[in-house]
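# Chain and residue survey
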Amino acid sequence: MALLRILLFACVLSLRLLCSLEEGLAFEETETAESQHDTRTIQPSSLLPSSICDTSTKANERKATLKVVHKHGPCNKLDGGNAKFPSQAEILQQDQSRVNSIHSKSRLSKNSVGADVKETDATTIPAKDGSVVATGDYVVTVGIGTPKKDLSLVFDTGSDLTWTQCEPCLRFCYQQKEPIYDPSASRTYANVSCSSAICDSLESGTGMAPQCAGSTCVYGIEYGDNSFSAGFFAKETLTLTSSDVFPNFLFGCGQYNRGLYGKAAGLLGLGQDSISLVSQTSRKYKKYFSYCLPSSSSSTGHLTFGKAAGNGPSKTIKFTPLSTATADSSFYGLDIIGLSVGGKKLPIPISVFSSAGAIIDSGTVITRLPPAAYSALRSTFKKFMSKYPTAPALSILDTCYDFSNYTSISVPVISFFFNRGVEVSIEGSAILIGSSPKQICLAFAGNSDDSDVAIIGNVQQKTLEVVYDVAQRRVGFAPKGCS
């Protein structure tokens, strides 16, 4: 019966469609006070993957901090430091799958429809059964159980449930680097009762109503690439650091797991729901966390919880309110009101952004903008880059250049403007992404429809310290906070 319930979750997974549109006022084209032509000089070689791990990071000495590595980079011990980097085309294909799911499931939608997803759908993307992660790019290591077992998990601000693969893998477990967690070897593991209110809380965090296997609560969850996990909802001791230990942490003990998680053991959910790590540790951390993503796949970053002495962001932090449209969503919504390129604000009506809203997401790679906003950004960016030879499009990236004959290039700074007068500028590796010196592209793409939610992806977050003050309903950015 337990296996039957778990199989049921792998076969019944829902999708929702996003649709909203309204008019607004124009964000007038003007020059910023900082510079008439705000550009930065960078080396194209700095945009390409490296085989050497650079472990220097500003936050290594912080407490309540986990080291963050890129899943495909040389700092990722899951592949012995010799991770095979997939092609940019493969990365972008998987990224689009996640974006498609966000657009269909987003709770920003005013209308929704349901759809069944068959078990076989979870194996239709190339490199299936855990060989490539598409549910997120960044990995941290936590301890689970008593005695604790260190497990590497992909962290995701767009997900709530934390889960790991569990013995005896009643149906299927994909290959992971570390030994699969065995709950029978832990003194503190306990299943959640199917009749408990805690079991009922699963639906808001996973999008699926829980099931029962005898008296045990059973969860099921699917991600943007159709990867999924199903198993027992349970309590266990979670260890983040030697001094940060949380008994009775609610998590998923996965018995049937397929898809694109890489060799990580599971996922760490940092969304807004009550079952997320952010909510479950709120008594200690006050729903406050921050991260610096690795500036490249060959460097490290940090994920820090709480704002105790030594853990707080720099004084240059700029906070903007979370969007009210996502108050009941796992996603962290932001209100974009404009963009600038090279110091020039673009003539984009505010309604272009407000009609569908926007989120910031650690698991999406490339920032997605409303069609009109992307068209304006691309047009102005091309003018700044007109002296460089162009290159063919790379998957969804249509603005590419051949820098093979250049040791340095001049790139315009791009700025986001948010509510409360917050301007956040990005540059260099947060603007361009490369497959080779002959094909380096603008790391933005346009949505296919005006009603699709805009997404600030992780490429654009790489040069910023991003701070989530969920209790105060705000997100902050510290430019150069990671250098």
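See the structure printed just above.
How each quantity is defined
- Residues numbered from 1 in each chain as written.
- Predicted model: local features only at pLDDT ≥ 70, side-chain atom pairs only at ≥ 80, totals over all residues.
- Heavy atoms only, no water.
- Disulfide = S-S within 2.5 Å.
- Helix = DSSP H or I, 4+ residues; strand = E, 2+ residues; numbered from the N terminus.
- Buried < 20%, exposed > 50% of the residue type's maximum accessible area, 1.4 Å probe, protein only.
- Pairing = 2+ DSSP bridges.
- Contact = heavy atoms within 4.5 Å.
- Axes fitted to C-alpha atoms, helices over the stretch in contact; angles between N-to-C directions.
- Expected span 1.5 Å × (residues − 1).
- Polar contact = N/O pair within 3.5 Å; in protein donor to acceptor, adjacent residues only side chain to side chain.
- Salt bridge = Lys/Arg side-chain N within 4 Å of Asp/Glu carboxyl O.

## Here we look at the state of the cysteines
- Scanning the model with the defined rule gives six disulfides in all.
- Here C53 is linked by a disulfide to C75, with a sulfur-sulfur distance of 1.9 Å. Around the S-S axis, the bridge from C53 to C75 shows a dihedral of about 110° and counts as right-handed. Highlighted residues: C53 in the loop between β2 (39-42) and β3 (65-70) and C75 in the loop between β3 and α2 (88-105), separated in sequence by 22 residues.
- With a relative accessible area of 12%, C75 lands in the buried category.

## Things to note about the sheet that holds strand β17 (residues 336-341)
- The strand order across the open sheet formed by four strands is β18-β17-β25-β26, and the pairing between neighbours is antiparallel. Taken across any chain shown, the strands that pair with only one partner, and hence form the sheet edges, are β18 (344-345) and β26 (422-426).
- With two bridges joining them, β17 and β18 adopt antiparallel strand pairing. Note that in β18 the partner of S340 across the bridge is K345.
- Contacts between helix α8 (residues 371-384) and the sheet are confined to β17 and β25 (414-418), with β17 contributing the most and set at about 15° to the helix.

## Topic: the sheet that holds strand β27 (residues 432-436)
- Read from one edge of the open sheet, four strands run β22-β23-β28-β27, paired in antiparallel fashion. Every interior strand has two partners, whereas the edge strands, β22 (390-391) and β27, have only one.
- Strands in contact with α8 are β23 (400-401), β27 and β28 (439-442); relative to β28, the strand with the most contacts, it is inclined by about 130°.

## What to know about α2
- Under the 1.5 Å per step criterion, the end-to-end length of α2 is 26 Å for 18 residues, consistent within 8% with the ideal 26 Å.
- Among all positions of α2, only Q88, I91, L92, Q94, D95, R98, V99, S101, I102, H103 and S104 are buried.
- Buried residues along α2 sit against β5 (149-156), β20 (358-360), β21 (367-369), β27 and β30 (454-456).

## What to know about the side chain of Q439
- Within the secondary structure layout, Q439 lies in strand β28.
- With a relative accessible area of 17%, Q439 lands in the buried category.
- Within polar-contact distance, the side chain of Q439 engages the backbone oxygen of A393 at 3.4 Å.
- Among the polar contacts listed, one links the side chain of Q439 to the side chain of S435, at a separation of 3.0 Å.

## Regarding the pairing of β27
- As paired strands, β27 and β28 are joined by four bridges and run antiparallel to one another. Pairing of L432 across the sheet is with L442, part of β28.
- In sequence, β27 turns back onto β28 through a hairpin of two residues.

## As for the pairing of strand β9 (residues 216-222)
- Where burial is concerned, most of β9 is hidden: seven out of the seven residues are buried.
- Side chains T216, V218, G220 and E222 project from β9 onto one buried face, and the interleaved C217, Y219 and I221 project onto a second face that is buried too.
- Bridge analysis of strand β8 (residues 211-213) against β9 gives three bridges, and the strand direction is antiparallel. Note that in β9 the partner of C212 across the bridge is C217.
- Linking two consecutive strands that pair antiparallel, namely β8 and β9, is a turn of two residues; a positive phi of about 65° is found at G214 within it.
- As paired elements, β9 and strand β10 (residues 228-241) share five bridges and run antiparallel to each other. Residue pairing for β10: V218 is matched across the bridge by F232.

## Some points on the pattern of salt bridges
- Tallied over the full model, the rule gives nine salt bridges.
- Note that D95 and R368 form a salt bridge whose closest N and O atoms lie 2.8 Å from each other. With D95 in helix α2 and R368 in strand β21, the pair connects residues that are 273 residues apart, well separated along the chain. Residues D95 and R368 agree in their burial class; the two are buried.
- Where R98 meets D156, a salt bridge forms, and the shortest distance between an N and an O atom there is 2.8 Å. Taken together, the residues span a long stretch of sequence, with R98 in helix α2 and D156 in strand β5 at a distance of 58 residues. Assigned by exposure class, R98 and D156 land together as buried.
- By sharing partners, the salt bridges in this structure join D38, R40 and E427 into a single network.

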